[in-house]
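Architecture at a glance
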Amino acid sequence: MDEDRKIRFLVPPTLFLVSLLWGAWFDSAKHDWVVNHVFQPDWPKLIGLVAGGSLVVFVGGYIIGTLTHFILRKCSIVCGHSSHEVVLNEEALTRVLQVLHADSAQNERERRRQELFAGVMFDHGILRERYEGIHKWLFRRWTGFNIAAASVTALILSLAFGTYVFHITITFQWCIPVVGFAILLAFVGRWAWRDTMQMLEFMARLLRDKEES
C-alpha cells in the first residue's frame, strides 16, 4: 500500500485517541491514569503495546474511513448524484462525456448514473496519460479531502465513545478544542473537494475546446 493511503488510515484513529486522552486529562477521575500511563510509562510494555497496537490503529482507520465513505455516498445520492467522488454540473458532465466520446441521447438519470465512471475514466485515463502533473495534483487534493473528512468523523466519534463508552466527563476544555478543530477540518475538506471538482470541470472545458478548434 502506498504512503498516501497509509496516512489516510493512520491520521483519523490517531486523532481519535488523542481526543480521548485530552478529554481524560481534564477528567479528575481519570487524570491520574493519563499521567501514570502516558507521561510515566513502563517502556517495555509501551513498546509492546505500540507494536501490537499499530494493527489496531490501522484497522480503526479503515473502519472510520468506511463509515465516512458510507455517509458521504448516501448524502450524494440524496442530492441526485451517483457518488460524492465525482459531482459535475450538467455542462461539465456533457463535456467529459464528449471528450470520452460517450455522449449519446441519454436521459438525465442515465447520465447521472454514468457520472462517477466518466469522471474516473477522464482522470485516471485521459488526464493521467496526457497531463500527469494535473492527475497527481488531483490525487493529492483528493487525499487531503479524505483525510479531513475521516478526521471529522473520528473526532465526533471520540466525543461519543469518550462519553458513553469510556465514561469521560464532558468538559469545555475537551469539547471546545475538538469541535473547533473538527469545524476547521470540515472547511479544509470542503475546499479540497471543491478544488478537485472545479479542476475536473476546467480540464473538461479545456480539452473540449481543443477538440473543437
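Here is what the cut-offs are and how they apply
- Residues numbered from 1 in each chain as written.
- Predicted model: local features only at pLDDT ≥ 70, side-chain atom pairs only at ≥ 80, totals over all residues.
- Heavy atoms only, no water.
- Helix = DSSP H or I, 4+ residues; strand = E, 2+ residues; numbered from the N terminus.
- Buried < 20%, exposed > 50% of the residue type's maximum accessible area, 1.4 Å probe, protein only.
- Contact = heavy atoms within 4.5 Å.
- Patch = residues over 30% accessible without salt bridge, like charges linked within 9 Å, V, L, I, M, F, W, Y side chains within 5 Å.
- Areas by Shrake-Rupley, 256 points an atom, 1.4 Å probe, with all protein chains shown as cover.
- Salt bridge = Lys/Arg side-chain N within 4 Å of Asp/Glu carboxyl O.
- pLDDT = per-residue confidence, 0-100.
- Core = buried A, V, L, I, M, F, W, Y, C linked by side-chain atoms within 4.5 Å.
- Phe/Tyr/Trp six-rings, centres within 6.5 Å; stacked < 30°, edge-to-face > 60°.
- Polar contact = N/O pair within 3.5 Å; in protein donor to acceptor, adjacent residues only side chain to side chain.
- Axes fitted to C-alpha atoms, helices over the stretch in contact; angles between N-to-C directions.
- Left-handed = near helix turned anticlockwise from the far one by under 90°.
- Parallel < 35°, antiparallel > 145°, perpendicular 65-115°, else oblique.
- Nonpolar A, V, L, I, M, F, W, Y, C, P; charged D, E, K, R; others polar.

1. Structural notes on the overall build of the chain
- A tally of regular secondary structure across the chain gives eight helices and zero strands.
- Helices (α) and strands (β) of the chain occur, in sequence order from the N terminus, as α-α-α-α-α-α-α-α.
- The buried share among the 213 residues of the chain stands at 37%.
- Residue pairs at least 24 apart in sequence account for 71% of intrachain contacts in the chain once pairs closer than 6 positions are excluded.

2. Here's the deal with the environment of Ile183
- Its location among the elements puts Ile183 in helix H8 (residues 172-212).
- Judged by its relative accessible area of 45%, Ile183 is partly exposed.
- Along the sequence, Ile183 and Val152 sit 31 residues apart, while their C-alpha atoms lie 7.7 Å from each other.

3. Examining a nonpolar patch on the surface
- A cluster of nonpolar side chains, Val179, Phe181, Ile183, Leu184, Phe187, Val188 and Trp191, forms an exposed patch at the surface whose accessible area comes to about 640 Å².
- By the secondary structure assignment, Leu184 is in helix H8.
- With a relative accessible area of 47%, Leu184 lands in the partly exposed category.

4. A look at unusual backbone geometry
- One non-glycine residue, His101, lies in positive phi territory at about 55°.
- The residue His167 is not glycine, and still its phi comes out positive at about 55°.
- Here His167 falls in the exposed class, since its relative accessible area comes to 55%.

5. Focus: the confidence of the model for the chain
- Looking at the chain, the pLDDT average stands at 86 and 86% of residues meet or exceed 70.
- Taking the mean pLDDT of every element in the chain, the minimum, 69, falls on helix H2 (residues 31-39) and the maximum, 96, on helix H7 (residues 132-164).

6. Things to note about the environment of Arg113
- Among the structural elements, Arg113 can be located in helix H5 (residues 108-113).
- The class of Arg113 is exposed, set by a relative accessible area of 59%.

7. Section: the nonpolar core
- Core analysis: the biggest nonpolar cluster contains 26 residues, and Leu88, Val96, Phe122, Leu127 and Leu200 have the highest contact counts within it.
- Once you skip the residues sitting within four places of it in the chain, Leu200 turns out to touch Leu88, Phe122, Asp123, Leu127 and Leu138.

8. Observations concerning the packing of aromatic side chains
- Summed over all chains, the structure comprises six aromatic pairs.
- Aromatic pair Trp142 and Phe145: ring centres 4.8 Å apart, planes at 35°, arrangement tilted. With Trp142 and Phe145 both in helix H7 and three residues apart, this pair spans about one turn of that helix. In this structure, Trp142 and Phe145 share a single accessibility class: buried.
- Of the aromatic side chains, those joined through ring pairs into one cluster are Phe9, Phe58 and Tyr62.

9. A closer look at helix H4 (residues 90-99)
- Of all the positions in H4, only Ala92, Leu93, Arg95, Val96, Leu97 and Val99 are classed as buried.
- Summarising the contacts, the buried residues of H4 are in contact with H5, helix H6 (115-130) and H8.
- Here H4 starts with a cap whose side-chain oxygen sits 3.2 Å from the backbone nitrogen of Glu91, and that cap is Asn89.
- Backbone geometry just downstream of H4 places His101 in the positive-phi region, at approximately 55°.

10. A few points about the packing of H6 against H8
- For the pair H6 and H8, the least separation of the axes is 12 Å and the interaxial angle reads 60°. Every pair of crossing elements has a handedness; the one defined by H6 and H8 is left-handed. Of the residues in H8, those in contact with Phe122, Asp123, Ile126, Leu127 and Arg130 of H6 are Leu200, Met203, Ala204 and Leu207.

11. Topic: the packing of H6 against H7
- It is at 5 Å that the axes of H6 and H7 come closest, and there the two elements cross at 130°. Of the possible angle classes, the one that applies to H6 and H7 is oblique. Together, Asp123, His124, Leu127, Arg128 and Arg130 of H6 and Glu132, Ile134, His135 and Leu138 of H7 make up the contact between the two elements.
- By residue class, the composition of the contact of H6 with H7 is three nonpolar, two polar and four charged.

12. Concerning the side chain of His81
- The residue His81 is located in the loop between helix H3 (43-78) and H4 in this model.
- His81 sits in the buried class, given a relative accessible area of 18%.
- What His81 contacts, discounting residues up to four positions off in sequence, is Ser76, Val87, Leu88, Arg112 and Glu115.

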